[in-house]
Amino acid sequence: MTWMDRLEKKMGRYAIPNITRVFIVANLLGAVLYMAFKEYAIYLFTFDGAAILHGQFYRLFTWILYPTGGLSFFSLLFIFCLWMLGDSLERYLGSFRMNLYFFGGIILNIVVGMLVYVIFHISISLSMYHILFSLYLMLGLFMPEAEVRLYFVLPIRMKWLTILYFVMLAYDVYSYFRMGVGYGIKYGSEIVLAVVNLLFFVYSCKNRLSRKQKRKQREFRAEFKAAEPRPGSGITRHKCAICGRTELDDPNLQFRFCSKCEGNFEYCQEHLFTHTHVKNS
């Protein structure tokens, strides 16, 4: 049982169902508030390390409402696809694991965001966009052979789409840092944190064995390998009762026990049907 399994056993009942929908609705709410209040809404939503240290603790969480897009047709289409994708992944992984993914990403962003401000005096730009966008990468990592319709027309396997998305994200980070280290830290950190959160989550879900179980597995394999006859050791598993040949004489030889012989007599393929049956009389 892994740490994730143990945590789910203790706290699984507190998981919020349909968690992807919650953050999509929060994002839509942020877009509506932005349309109503413009710059004032952005001011309240922005993650600002200096303001947080001066008592505006609400900024530790209001960045979740930071609008990642407007209410255009393509933005709504993107949100609709995320809605369906989030529901599918939750059915596949369970509500608790999806809660871990989102809240783990949020906590990681807050902690690193504060550390970056304390060390570099730079407030990184935070939003839920890349955490939500990483759901596409999550699908590709869990089900690389799944086929989707790009723009509802072109069939493509998720593994190729996932590679493309990773390349695009890497290029975005590179482009930010080309404009300056400070600029790269401010705008590229969000992408890096989303990818780190995703990879750690996928690894934890796929790594079903605990360290203790893995150690026992390695010990068993080592014992089993040590017990196997090695070439040149002279120890064999099979030996023909007529000609005395073994698998060391010819690795292509096949050996079978005869059901009509009384006793454990094994024969090679040449003598299996031509030998005289042994009778204990």
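Read on for an overview of the structure. Predicted model, so just to flag it, every value in this text is computed and none were measured.

In this section: the environment of S95. Counting through the fold element by element, S95 comes out in helix α7 (residues 95-120). Spatially, the C-alpha atoms of S95 and G12 are 8.2 Å apart, while their sequence positions differ by 83 residues. Discounting residues that sit within four places of it in the chain, S95 has contacts with A15, I16, P17 and E90.

Turning to helix α9 (residues 158-178), a few remarks are in order. If you check α9, its first and last C-alpha atoms are 30 Å apart, about what 21 residues at 1.5 Å a residue would give, namely 30 Å. A positive phi of about 135° marks G180, the residue just after α9.

Bringing α7 into the picture now. For α7, with 26 residues, the first-to-last C-alpha span of 37 Å sits near the 38 Å given by 1.5 Å per residue. One or two residues past the end of α7 sits H121, with phi positive at roughly 60°.

It is worth spelling out the nonpolar core at this point. Counting residues in hydrophobic clusters, the biggest one holds 47 residues, and the most contacted among them are F102, M128, L135, M138 and F201. Looking at this core, the elements that each hand over two or more residues are α2 (19-37), α6 (73-93), α7, α8 (129-142), α9 and α10 (181-206). When residues of this core are assigned to their parent elements, the largest contribution, 9 residues, is made by α8. Counting residues in each nonpolar core, the second largest holds 8 residues, with C240, L253, C261 and L272 among its members.

Phi is positive for K38, which is not a glycine, with a value near 55°. Among the residues examined, K38 registers a relative accessible area of 40% and is labelled partly exposed. A positive phi is found at H121, a non-glycine position, where the angle reads about 60°. Inspection of the secondary structure assignment puts H121 in the loop between α7 and α8. Given the relative accessible area of 60%, H121 is considered exposed.

To continue, consider the packing of aromatic side chains. We describe a pair of aromatic rings using the distance from one ring centre to the other and the angle between the two ring planes. In the structure shown here, the tally under the stated rule is 15 aromatic pairs. Every member of this aromatic cluster is reached through a ring pair, and the members are F23, Y101, F102, F103 and F201. Over the ring of Y34 we find K38; its NZ or CZ atom is 5.4 Å from the centre of that ring. The side chain of K186 reaches across the aromatic face of Y187, ending 5.6 Å from its centre.

Quick notes on the rules
Residues numbered from 1 in each chain as written. Predicted model: local features only at pLDDT ≥ 70, side-chain atom pairs only at ≥ 80, totals over all residues. Heavy atoms only, no water. Helix = DSSP H or I, 4+ residues; strand = E, 2+ residues; numbered from the N terminus. Contact = heavy atoms within 4.5 Å. Expected span 1.5 Å × (residues − 1). Core = buried A, V, L, I, M, F, W, Y, C linked by side-chain atoms within 4.5 Å. Buried < 20%, exposed > 50% of the residue type's maximum accessible area, 1.4 Å probe, protein only. Phe/Tyr/Trp six-rings, centres within 6.5 Å; stacked < 30°, edge-to-face > 60°. Lys NZ or Arg CZ within 6 Å of the ring centre and 35° of its normal.

So far we have only geometry, and geometry alone does not tell us how the molecule works.
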